[in-house]
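# Analysis of the macromolecular model
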Amino acid sequence: LQFLYFIEISLPINMLLPVAATVLVLAADEHIECQTFRKVFGNGKNLCEKMWGDAFVYSTDEEHAYTMFFTDSTNPNDAVSERLAMNQTLYGYLRKGESEKCLSYLHKDAPSPQPEDEVNICYPWRERSCCHSHNVQNVTQLKGTYGSGYHWDRCGKMSAQCEHFFINEACMYECEPAAYHFMRYPDHSDAVGEHPNAHDATNSSHNKWELYHMPIKASYCDAWYHACKNDLFCNKNEGDYFACAIEYRKEPEPVIVIHDGDDSIGTGWIIGIIAISAFAIIATSALGYLVKRERAGKPIYKPVNNVVVPVGTELQETQS
């Protein structure tokens, strides 16, 4: 004899709330924080000139432009500085001669060799650098020097080839002596001619760490963009790193990641995946609840002869 069963299932509401909240948050397009580099920047010029405000300039005149990484035993940026010093009409406020000072934040006072017994990730500058080894020991140290707001991977793990360029930029800023030539507010005594933005110690908005219009090789900027074009980055103020840092301090984690349509999945697919995941979670929770009731001697399934049937309702049993 086979019995007809009635099922009584009543899942706790707290099992459903996290799933519902996840779907609602991911469906909120107004909270978009991250996009692909392709969407945010579109090309290498925009990447170099927008990511760091006006710190860098995309330069097709590569004889007079710097690189952020090198493998030669001699730093090629030293020769660039010498060429620029002889062409003051192009960069009229370049300091005299070779730099003997560094940017003033977590840097050394003047460039010097790195200790031979200290290994760090910014090895190209080991012969002459402005960085302290303890600030550039590894990627984690380098990335976290200025706080979590300046982590370059806040929109998710980056591809290795993309992260490589962010490591290079961080090393260049910390270690490159030539960066001193491009302080936004230079020491007046070092400048060639009058500088309209000479550092004023009485002006609270002035600093000795900010870069301004340092020319970067166009080929380097283009390579950076192509390495990262399918990775994700903050789209605040067209990808401005400083604006993103402020936003990250307001919100510990990006609220939502939305991919652009051509080379990644869209919002509809994301919500669909979340919905399927939510169903799987509910189904799993229901099964677990069922088993728990059975083991406690309070089965959810009730045989038909234990069910109270309203008067006038016919209940048929199927005989085997």
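Notes on the structure in this doc start here.

Parameters and conventions
Residues numbered from 1 in each chain as written. Predicted model: local features only at pLDDT ≥ 70, side-chain atom pairs only at ≥ 80, totals over all residues. Heavy atoms only, no water. Helix = DSSP H or I, 4+ residues; strand = E, 2+ residues; numbered from the N terminus. Areas by Shrake-Rupley, 256 points an atom, 1.4 Å probe, with all protein chains shown as cover. Disulfide = S-S within 2.5 Å. Buried < 20%, exposed > 50% of the residue type's maximum accessible area, 1.4 Å probe, protein only. Contact = heavy atoms within 4.5 Å. Salt bridge = Lys/Arg side-chain N within 4 Å of Asp/Glu carboxyl O. Expected span 1.5 Å × (residues − 1). Axes fitted to C-alpha atoms, helices over the stretch in contact; angles between N-to-C directions. Parallel < 35°, antiparallel > 145°, perpendicular 65-115°, else oblique. Left-handed = near helix turned anticlockwise from the far one by under 90°. Nonpolar A, V, L, I, M, F, W, Y, C, P; charged D, E, K, R; others polar. Patch = residues over 30% accessible without salt bridge, like charges linked within 9 Å, V, L, I, M, F, W, Y side chains within 5 Å. Lys, Arg positive; Asp, Glu negative; His and termini not counted. Charge placed at Lys NZ, Arg CZ, Asp CG, Glu CD. Core = buried A, V, L, I, M, F, W, Y, C linked by side-chain atoms within 4.5 Å. Phe/Tyr/Trp six-rings, centres within 6.5 Å; stacked < 30°, edge-to-face > 60°. Arc of directions from axis to C-beta. Polar contact = N/O pair within 3.5 Å; in protein donor to acceptor, adjacent residues only side chain to side chain.

## Structural notes on the overall build of the chain
In terms of regular secondary structure, the chain is built from 9 helices and 7 strands. Counting every atom, the chain has about 18000 Å² of accessible surface; 55% of that belongs to carbon and sulfur.

## Comments concerning the state of the cysteines
By definition, a disulfide is the covalent link that joins the sulfur atoms of two cysteine residues. This structure, assessed with the given rule, holds 6 disulfides. Disulfide partner of Cys102: Cys130, at an S-S distance of 2.0 Å. Looking along the S-S bond of the Cys102-Cys130 disulfide, the torsion reads about -80 degrees, which is the left-handed sense. Residue Cys102 is found in the loop between α4 (76-85) and α5 (139-144), and its partner Cys130 is found in the loop between α4 and α5; the two are separated by 28 residues along the sequence. Looking at Cys102, the relative accessible area reads 6%, which means it is buried. Covalent S-S linkage joins Cys122 and Cys171, the inter-sulfur distance amounting to 1.9 Å.

## Some remarks on the environment of Gly42
Along the polypeptide, Gly42 turns up in the loop between α2 (37-40) and α3 (44-50). Overall, the relative accessible area of 38% leaves Gly42 in the partly exposed class. In this structure the C-alpha to C-alpha distance between Gly42 and Lys229, which are 187 residues apart in sequence, comes to 7.9 Å. Setting aside residues up to four positions removed in sequence, Gly42 forms contacts with Phe37 and Tyr225.

## A few points about the pattern of salt bridges
Taken as a whole, this structure holds 5 salt bridges when the rule is applied. Between Arg83 and Glu63 there is a salt bridge, with its nearest N and O atoms 3.7 Å apart. You can see Arg83 sitting in helix α4 and its partner Glu63 sitting in the loop between β3 (56-59) and α4, a full 20 residues away along the chain. Close ionic contact of Asp153 with Lys143 constitutes a salt bridge, the shortest N to O distance being 2.8 Å. Of the two residues, Asp153 sits in the loop between α5 and α6 (160-175) while Lys143 sits in helix α5, which places them 10 residues apart along the sequence.

## Focus: α6
With 16 residues, α6 should cover 22 Å at 1.5 Å per step; its first-to-last C-alpha distance of 22 Å lies within 8% of that length. When you tally the buried positions in α6, you get 13 out of 16 residues, the bulk of the element.

## With respect to the packing of α6 against helix α7 (residues 218-228)
A pair of packed helices is characterised by two quantities: the angle between their axes and the separation of those axes. Direction vectors running N to C along α6 and α7 enclose 140 degrees, while the axes themselves pass 7 Å from each other. Classified by the interaxial angle, the pair formed by α6 and α7 is oblique. For the pair α6 and α7, the crossing hand works out as left-handed. For the pair α6 and α7, the contacting residues are Gln161, Cys162, Phe165, Phe166, Asn168 and Glu169 in the first and Tyr220, Ala223, Trp224, Ala227 and Cys228 in the second. Residue classes in the contact of α6 with α7 are distributed as 8 nonpolar, 2 polar and 1 charged.

## A few points about a negative patch on the surface
A grouping of Glu116, Asp117, Glu118 and Glu127 is seen on the molecular surface, where their side chains present a negatively charged patch. Since its relative accessible area comes to 83%, Glu116 is described here as exposed.

## Considerations on the nonpolar core
Among the nonpolar cores identified, the biggest contains 49 residues, and Phe37, Met51, Phe56, Phe166, Met214 and Trp224 are the most heavily contacted of them. Secondary structure elements with two or more residues in this core: α2, α3, β3, α4, α6, β4 (214-217) and α7. Element by element, the count of residues in this core is highest for α6, at 9 residues. Residues within four places of Trp224 in sequence aside, it is in contact with Leu47, Cys48, Met51, Trp52, Met68, Phe165, Phe166 and Glu169.

## Thoughts on the packing of aromatic side chains
Going through the model one piece at a time under the given rule, you end up with 13 aromatic pairs. These aromatic residues form a ring-pair network of at least three members: Phe37, Phe41, Trp152, Phe165, Phe166, Tyr220, Trp224 and Phe233.

## Concerning α4
For the α-helix, the turn length of 3.6 residues means that residues three or four positions removed from each other point alike. All buried positions along α4 are accounted for by Asn77, Val80, Ser81 and Leu84. An end-on view of α4 places all buried positions within 100 degrees of arc, on one side of the element. Residues of α4 that are buried sit in contact with β4. For α4, the side-chain oxygen to backbone nitrogen distance between the N-cap and Asn77 is 2.8 Å, and the N-cap itself is Asn75.

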